[in-house]
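Structural overview
Spelled out, the chains give:
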Amino acid sequence: MSSITEYFSGLFTGIRSLMGGMSVTWKELWTKKVTQQYPENRDTLVISDRFRAELVMPHDENNEHACTSCGICQLNCPNGTINITSEMIETAEGKKKKILSKYSWDLGMCTFCNLCVITCPSDAIKFNNTFENAVFTRSKLIQTLNKEGSKLREKKKETLAPKGE
Amino acid sequence: MLLNYSHPLEISNLTTWLDTTLRSSMPEFWVLFIEFALVIVALLTAYAVIALILIYAERKITAFFQARYGPNRVGKWGLLQSLADMIKILLKEIVKITRSDRFLFFAAPFFMIVASMATFGAIPFGKGLLAVDFNIGVLYVTAVSSVGIIGVLLAGWSSNNKYSMIGAMRSGAQFVSYELSAGFALMTIVVLAGTMQFSELIEGQRYCWNIFNGHISSIIAFVIYLISGHAETNRGPFDLPEAESELTAGYHTEYSGLQFGFYYLAEYLNMFIIASIATTVFLGGFLPIQVQGWDAFNGIMDFIPSYVWFFAKTAVLIFLSLWVRWSFPRLRIDQLLNLEWKYLLPINLVNIVVMVILVLTGLTLKDLFGII
Amino acid sequence: MEKIKELILNTVPDAVIEQKQKLTVTVAWQQLHLLVKTLRDNAELPFDFLVKLIGVDRGEELGVNYLLCSSTDLSKELVLKTGTSDRENPLLYSITDIFETAHFNEREVYALLGIRFINNPDMRKFFLNADWVGYPLRKDYDANPELNPLSFESVEMVDTAPRIMETPDGLVEETVNVFEDDPYIINIGPQHPSTHGVMHFRTALDGEIVKKIDVHSGYIHRGIEKLSENLTYPQILHFTDRLDYLSANINRHGLCMCVEKAAEIEVPERAQYIRTIMDELNRIDSHCLAWACQTNDLGATTAFIYGMREREIILDIFDKTCGGRLIINQNVVGGVMFDIYNQFQKDVKDFVIYMRSKLREYDRFFSHNVIALGRMVKIGNLSKEDAISYAVTGPAGRASGWSCDIRKHIPYALYNQVEFKEIIRTEGDSYARYLNRLDEIEESLHIIEQLIDNIPEGEICAKTKAIIKLPEGEYYSRIEACRGEFGVFIESRGERFPYRLKFRSPSMALVSAMPLICKNEKISDFIGIGGSMDYVIPDIDR
């Protein structure tokens, strides 16, 4: 007798549990969909400010940056993504000085660990959130961050100009 | 003529007119020949179109169950998506498997498609839209639709792939078991209706659908038919032969291009066939909702063409099948066989006996309330 | 512990006992097996849990460190050290007969350091191909790519295993078949929808029934431990996120803790709060995904999407806090890299409420489903003894009735200040593991609720030296990651770089138990059990 009760109670609890599952999907059928319509929603898409998508070197209106080409970022990078070439010049006062000639960064190699940014003593580089940087050739992933003809911001100016925007 | 005007949207008007015109100008043989050709073309087109619509519908409904939008890039609301997929599948290369049994490998998809095609042809889509009206229609449909399993078994065997083989073996066990239940469920209704001919089956349901006529017994038969029909189409939660998380794609793992397309089409069409047979046998087929005595109401309902009724009822059943598919996890092979042999089949056997008693003792709704 | 010292000296009089960060015992290799066995069978305080098995090239000798602890009290730890000076044909005794988890670990040591273990029943290389030239973790390894050229040839699988057995006549080298005669083998993986990564199970079937599983690993082995030997500590941190990427933040926390303990850096309280909250969010994220994947493995595709949907909200919070979604780079030595943003508390509190409602939905949708129950209840049984022997920790270990939560046993960060239950079930089946994860989500929410309103003001990172050097010594840290105990071992020689770094991967233990619990189950259940164990392959293939 008990096995017969078991048979039927098993049958009905089973059916009830299945109905419970179906009620959930039925409810979900009418809920708001969560998919983001990416290329269409580009205008309204909010990417968080801290999102690390691309390394940039901010330049001010005078085409000046803060990089002293000290090479700390290059040293800290775990997998050799950053490559700095610098040259020695003589300033007007006759002092020897190292200036940045090319700051190259390989997007394809970068693991976005942020070590370069946090170790930079002069806040010359930062990550920004422009995430659409897919390209068709690998070579294009190697970017030069300093702009053409840019130079180091003088110390005096740094106190006046807002830093690293 | 009066009948024609009262049903201006029926396709049967067109077919009758065509028949009369042809007969007036040609000998009998040629009339039949042309009509056969036309019927074949119409069925083939319908076959493809219905499959495309179903694929689109499933993808869209599934997406909505899953808090997504589904296809929405090709055409408005993604309406052209399945068309695009069809073109893609037609253009794709058919990969030749080196160590497969070449002949059987190529033959297998045809078994599948022929079986579903042959069943599809026997479905009454609307008034006068029945290609062939056997007096054993129900039996024919059950018999022919089982040929598809040969396609699955051959595919699994000839692919020379262990995953395919396991999928095919599962499929065999599943199909043989559930065919039994599906058949018995239909037989229950045959007992009730006293006929196996689709046209008579439908005509008998004008004022009282079979599902109501045999009340308890009919409803049980209906549910069992839906479950076992669903299982026969190899769709989740009974998709063990494919079981993508276990067997990658089961029996059709090695198929590509159009051959895969055949399986794909047949799967969707089988879903449609199961739903339409359920409609025909249980839900009054293409007949509109009619209540005895409410002539005005009946008139309005009758104005809606019969094929619309047919497709609407079928669509409801298909939606039900999708809903189930996307709500449940997959069964294991022993759970699957348990369900059939320990639950469905015994219930079914008892159910037939109950139905016989209902019919003999006059306890059907028709008998109780004197409905025609 | 005094009694233990006594016991050790009684068993092995030559043992050298030192009190370093952990109690360290150095013994000759011939006596190790005896000592381990005595410690395991010690009735009073059995050392029956082999936490880590670490091969080290100590220069003059090749050695192995064993971190043992008691399964009843995880804070009672003991390090055993042994080694051999024979670099040509180094041999040690296997302890596979005492701890099952030693099996894969010894194979790993063989692949990376070339030490072979006597009496290990299957001494194939783990991770590496049998024909790999050289032993990468040895200090004199020749990394010349010409020695191990990249090959595009298809290689036939060889199902035989070499081994060295000790017989009364001395050592015998022999080759045995992995499978029984004439097996029907299917390859589940390396490309398969349900292996949760690039894992390869060679599975012998009898019809639908799994007879034996042979695990092949290493398809995505990246040599992180080797790479780390040439990187500074802050640089190594970014590797930890790439081990078990689903508990990225917790792994990183583990390594930071190890370095902080060694360098004696005090972490500010605010940083501890942020770390704990982020860890718990990470745990919820991982368990959501685990739930989703398990349901997907059982064939419920819809549930998969639901799990992903809830996870996305946590990823958004991560994104806003640290600028990363999966690999979030939050912890650094001394604290955290990013402070929380303005809306953080509100977002998290909203999420807690939302997640609770979704947990109810999960419950209604799947937890009582009759098909799902049939696929999970009494399937893949793992007894408590086996769980300990295979070192299966985390939700899976606790589902077998083993209290193994590091947060309870060795509290770190703020776990001694918050109240939470350690979820323990005794059934040991797939369903217990499944329920454990859902309940742990609830406990994590509870922990977050207690902390979120009390985050103190202050520094987020302690001032550290520009170049972090650890004093000479061996350092261990243990942390509760999403899949079980994650451990870090650092051997420092006072340099900027670690001399040897080793991660204990919880997933490796989970996978090592798979052949046991899947035996004689159906092939569909093999997939389902895999889902319930929830291993992550990059965690194994370090």
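Predicted model, so just to flag it, every value in this text is computed and none were measured.

With that settled, consider the overall build of chain A. Regarding its fold elements, chain A presents four helices and seven strands. Of the regular secondary structure in chain A, the N- to C-terminal order runs α-β-β-α-β-β-α-β-β-β-α. Scaling as 2.2 N^0.38, a compact globule of 165 residues should have a C-alpha radius of gyration of about 15 Å, whereas chain A reaches 28 Å, well beyond that. Counting the 165 residues in chain A, one finds 39% classified as buried. In chain A, once contacts between residues fewer than 6 apart in sequence are set aside, the share between residues at least 24 apart is 71%. With an accessible surface of roughly 10,700 Å², chain A has 58% of that area assigned to carbon and sulfur atoms. Seen as two clouds, the 22 positive and the 19 negative side-chain charges of chain A have centres 2 Å apart.

What follows concerns the sheet that holds strand S4 (residues 62-69) of chain C. All names here are of chain C. What the five strands build is an open sheet, ordered S1-S2-S5-S4-S3; its pairing is mixed. On the outer flanks of this sheet lie strand S1 (16-19) and strand S3 (49-57), each paired with one strand and no other. Sheet twist, expressed as the average angle between the axes of neighbouring strands with direction ignored, equals 20°. Bridge count between S4 and strand S5 (residues 77-84): eight bridges; the pairing is antiparallel.

Taken domain by domain, chain A holds domain 1 (1-34) and domain 2 (54-152). Each of domain 1 of chain A and domain 2 of chain A was reduced to a C-alpha centroid, and the two centroids are 60 Å apart.

Residues and elements named next belong to chain A. With 93% of its residues at a pLDDT of at least 70, chain A reaches an overall mean of 81. Mean pLDDT values over the elements of chain A span from 52, in helix H4 (residues 155-160), up to 88, in strand S5 (residues 126-128). Note that pLDDT drops below 50 for residues 157-165; the model gives that stretch nine contacts with residues more than four away or on any other chain.

Bringing the interface of chain C and chain B into the picture now. In this complex, chain C contributes 35 residues to the contact, which on the side of chain B involves 25 residues. The junction of chain C with chain B conceals about 2,400 Å² of combined surface from both sides, 55% of it contributed by carbon and sulfur atoms. One can count two salt bridges joining chain C with chain B. Residues Arg332 of chain B and Asp525 of chain C are paired through a salt bridge, measuring 2.9 Å at the closest nitrogen-oxygen approach.

Time to look at the side chain of Thr393 of chain C. All names here are of chain C. By the secondary structure assignment, Thr393 is in the loop between helix H11 (384-389) and helix H12 (394-399). Among the residues examined, Thr393 registers a relative accessible area of 1% and is labelled buried. Within polar-contact distance, the side chain of Thr393 engages the backbone nitrogen of Glu485 at 2.8 Å. Excluding anything up to four places from it in sequence, Thr393 contacts Phe49, Trp402, Cys404, Arg483, Gly484, Glu485, Arg504 and Leu510.

Our next topic: the packing of aromatic side chains. By the definition in use, this model includes 49 aromatic pairs over all chains. Put simply, the rings of Tyr47, Phe120, Phe125, Phe272, Phe310 and Phe311 of chain B touch in pairs and so form one group of aromatic residues. One cation-aromatic arrangement involves Lys162 of chain B over Tyr184 of chain C; the distance from NZ or CZ to the ring centre is 5.2 Å. Lying over the aromatic face of Phe420 of chain C, Lys408 of chain C brings its terminal NZ or CZ to 4.3 Å of the ring centre.

Take the pattern of salt bridges next. All names here are of chain C. Scanning the entire structure with this criterion turns up 63 salt bridges over all chains. Its salt-bridge partner being Arg325, residue Glu312 comes within 2.7 Å of it at the nearest N-O pair. Taken together, the residues span a long stretch of sequence, with Glu312 in helix H8 (residues 301-322) and Arg325 in the loop between H8 and strand S13 (331-332) at a distance of 13 residues. Since its relative accessible area comes to 37%, Glu312 is described here as partly exposed. Taking relative accessible area as the criterion, Arg325 reaches 25% and is therefore assigned partly exposed. If you follow the salt bridges from partner to partner, you end up with Glu280, Arg283, Arg398, Asp405, Arg407, Glu440 and Glu480 in one network.

What counts and how
Residues numbered from 1 in each chain as written. Chains lettered and ligands numbered in written order. Predicted model: local features only at pLDDT ≥ 70, side-chain atom pairs only at ≥ 80, totals over all residues. Heavy atoms only, no water. Helix = DSSP H or I, 4+ residues; strand = E, 2+ residues; numbered from the N terminus. Rg over C-alpha atoms; globule rule 2.2 N^0.38 Å. Buried < 20%, exposed > 50% of the residue type's maximum accessible area, 1.4 Å probe, protein only. Contact = heavy atoms within 4.5 Å. Areas by Shrake-Rupley, 256 points an atom, 1.4 Å probe, with all protein chains shown as cover. Lys, Arg positive; Asp, Glu negative; His and termini not counted. Charge placed at Lys NZ, Arg CZ, Asp CG, Glu CD. Pairing = 2+ DSSP bridges. Axes fitted to C-alpha atoms, helices over the stretch in contact; angles between N-to-C directions. Domains from an automatic or database assignment. pLDDT = per-residue confidence, 0-100. Buried area = accessible area lost by both parts, 1.4 Å probe. Salt bridge = Lys/Arg side-chain N within 4 Å of Asp/Glu carboxyl O. Polar contact = N/O pair within 3.5 Å; in protein donor to acceptor, adjacent residues only side chain to side chain. Phe/Tyr/Trp six-rings, centres within 6.5 Å; stacked < 30°, edge-to-face > 60°. Lys NZ or Arg CZ within 6 Å of the ring centre and 35° of its normal.

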